Amino acid sequence: MVNGELVLRLDGARPLSAASVEELSALCDFAEDHREPGPVTVHVTGAPPAGWAAGVTVGLVSKWERAVRRFERLGRLTVAVAAGDCAGTALDVLLAADVRIAAPGTRLLLAGAGGAPWPGMTVHRLTRQAGAAGIRRAVLLGAPIETERALALNLLDEVSDDPAAALAKLARTAGAVDGKELAIRRQLVFEAGSTAFEDALGAHLAAADRALRREGVS
């Protein structure tokens, strides 16, 4: 950890393993125990080799998916910095991050398993974030999503020749919203696509009331 910022480097070329789960879980543990305002940053790159799923069990996949979901719901801003081909665990964490910065030439791919693209929760996130039409070829045929396409689909937020500079700029503003309030706003976004206005109103009014109280308006 440096200046309140937590950093993990995740190599998607490594097949999913218990160590992968432990590594991401440890990051989440530390982030939850240390509520500094800086972002939690994961640098992702790499795609697993053919045959990566040999020896992988559904139980291990379930543990990994739960770790990714935990990362997705952290009470701190999460940032993924991507480079090169990103598949497997690298793509999973990228899609779970709040902010995604990529180097030129970054490609998003679904790892192959059993002769077809891997049907994990990455498919769910891709579809919710970009829509079925935008990711159909990637999910059905394993076609890579090139940088500009990923940017157009809002799967990436920024493409930069200097990702480190973009990250440094973001880090300076990351403390504008405290962790609890950031998590609440993230949840409001998650629920917006599946919650009716009438059902969502109460949660939004409660969040608005807290904001007004902090401003001293009410």
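Description of the structure in this document. Remember, it's a predicted structure, so these values are computed and weren't measured experimentally. (Residues numbered from 1 in each chain as written. Predicted model: local features only at pLDDT ≥ 70, side-chain atom pairs only at ≥ 80, totals over all residues. Heavy atoms only, no water.)

Helices and strands together make up the secondary structure of the chain, namely nine helices and eight strands. Within the chain, contacts between residues separated by at least 24 positions form 71% of all contacts whose residues are at least 6 apart in sequence. For the chain, the exposed area adds up to about 11,200 Å²; of that, 57% sits on carbon and sulfur atoms. (Helix = DSSP H or I, 4+ residues; strand = E, 2+ residues; numbered from the N terminus. Contact = heavy atoms within 4.5 Å. Areas by Shrake-Rupley, 256 points an atom, 1.4 Å probe, with all protein chains shown as cover.)

Turning next to the nonpolar core. If you look at the biggest cluster of nonpolar residues, it comprises 46 residues, and the most contacted ones within it are L24, F71, I145 and L155. If you list the elements that add at least two residues to this core, you get strand 1 (6-11), helix 1 (18-33), strand 2 (40-46), helix 2 (58-72), strand 3 (78-86), helix 3 (89-96), helix 4 (121-130) and helix 5 (132-141). The contact partners of L155, leaving out residues within four places of it in the chain, are L95, R100, L108, L126, Q129, A130, I135, I145 and A150. L77, V99, L167 and L170 belong to the second largest nonpolar core, which has eight residues in total. (Core = buried A, V, L, I, M, F, W, Y, C linked by side-chain atoms within 4.5 Å. Buried < 20%, exposed > 50% of the residue type's maximum accessible area, 1.4 Å probe, protein only.)

Bringing the environment of G115 into the picture now. Here G115 shows up in the loop between strand 6 (112-113) and strand 7 (116-117). G115 gets classed as exposed once you look at its relative accessible area, which sits at 87%. Separated by 64 residues in sequence, G115 and G51 place their C-alpha atoms 9.9 Å apart.

Packing of helix 3 against helix 4 brings their axes to within 10 Å, and their N-to-C directions diverge by 40°. Crossing geometry of helix 3 relative to helix 4 is assigned as left-handed. The residues of helix 4 that touch helix 3, namely those facing L91, D92, L95 and A96, are T122, R125, L126 and Q129. Residues that form the contact of helix 3 with helix 4 fall into these classes: four nonpolar, two polar and two charged. (Axes fitted to C-alpha atoms, helices over the stretch in contact; angles between N-to-C directions. Left-handed = near helix turned anticlockwise from the far one by under 90°. Nonpolar A, V, L, I, M, F, W, Y, C, P; charged D, E, K, R; others polar.)

Below, the discussion takes up helix 5. Listed as buried for helix 5 are G134, I135, A138 and V139. Within helix 5, the buried residues cover an arc of 100° as seen down the axis, which keeps them to one side. In helix 5, the exposed positions that point more than 90 degrees away from the buried face belong to A133, R137, L140 and L141. Lining the buried residues of helix 5 we find strand 7, helix 4 and helix 6 (147-152). (Arc of directions from axis to C-beta.)

Here the focus is helix 4. Turning to helix 4, its buried residues number three or more, namely T122, R125, L126 and A130. Seen end-on, helix 4 carries its buried residues on one side only, within an arc spanning 100°. Contacts from the buried residues of helix 4 go to helix 2, helix 3 and helix 5. Downstream of helix 4 by a residue or two, G131 has a phi angle that is positive, lying close to 90°.

The subject of this paragraph is the pairing of strand 4 (residues 99-102). Where burial is concerned, the two faces of strand 4 agree: the one with V99 and I101 and the one with R100 and A102 are both buried. Strand direction decides the pairing type here: strand 3 and strand 4, joined by four bridges, are parallel. For V79, the partnering residue across the bridge sits in strand 4 and is V99. With respect to chirality, the unit in which strand 3 leads through helix 3 into the neighbouring parallel strand 4 is right-handed. (Pairing = 2+ DSSP bridges. Right-handed = clockwise from strand over helix to strand, strands pointing away.)

So, on to the side chain of T89. Mapped onto the secondary structure, T89 falls in helix 3. Ignoring sequence-local partners within four residues, the contact set of T89 consists of L10, D11, G12, R14, L16 and W64.

With respect to the helices, strands and loops of the structure, T78 is situated in strand 3. Other than its neighbours up to four places away in sequence, T78 contacts V40, F71, A96, A97, D98 and V99.

Let's shift gears to the pattern of salt bridges. Counting across every chain of the model gives seven salt bridges. Residue E72 pairs with R69 through a salt bridge whose shortest N-O separation is 2.9 Å. Here the residue E72 and the residue R69 both occupy positions in helix 2, the gap between them amounting to three residues, near one helical turn. Residue E72 is classed as buried on the basis of its relative accessible area, which comes to 7%. Residues R107 and D85 are paired through a salt bridge, measuring 2.9 Å at the closest nitrogen-oxygen approach. Pair noted here: R107 is in strand 5 (residues 107-108) and D85 is in strand 3, with a separation of 22 residues, a long-range link. Given a relative accessible area of 24%, R107 falls into the partly exposed group. (Salt bridge = Lys/Arg side-chain N within 4 Å of Asp/Glu carboxyl O.)

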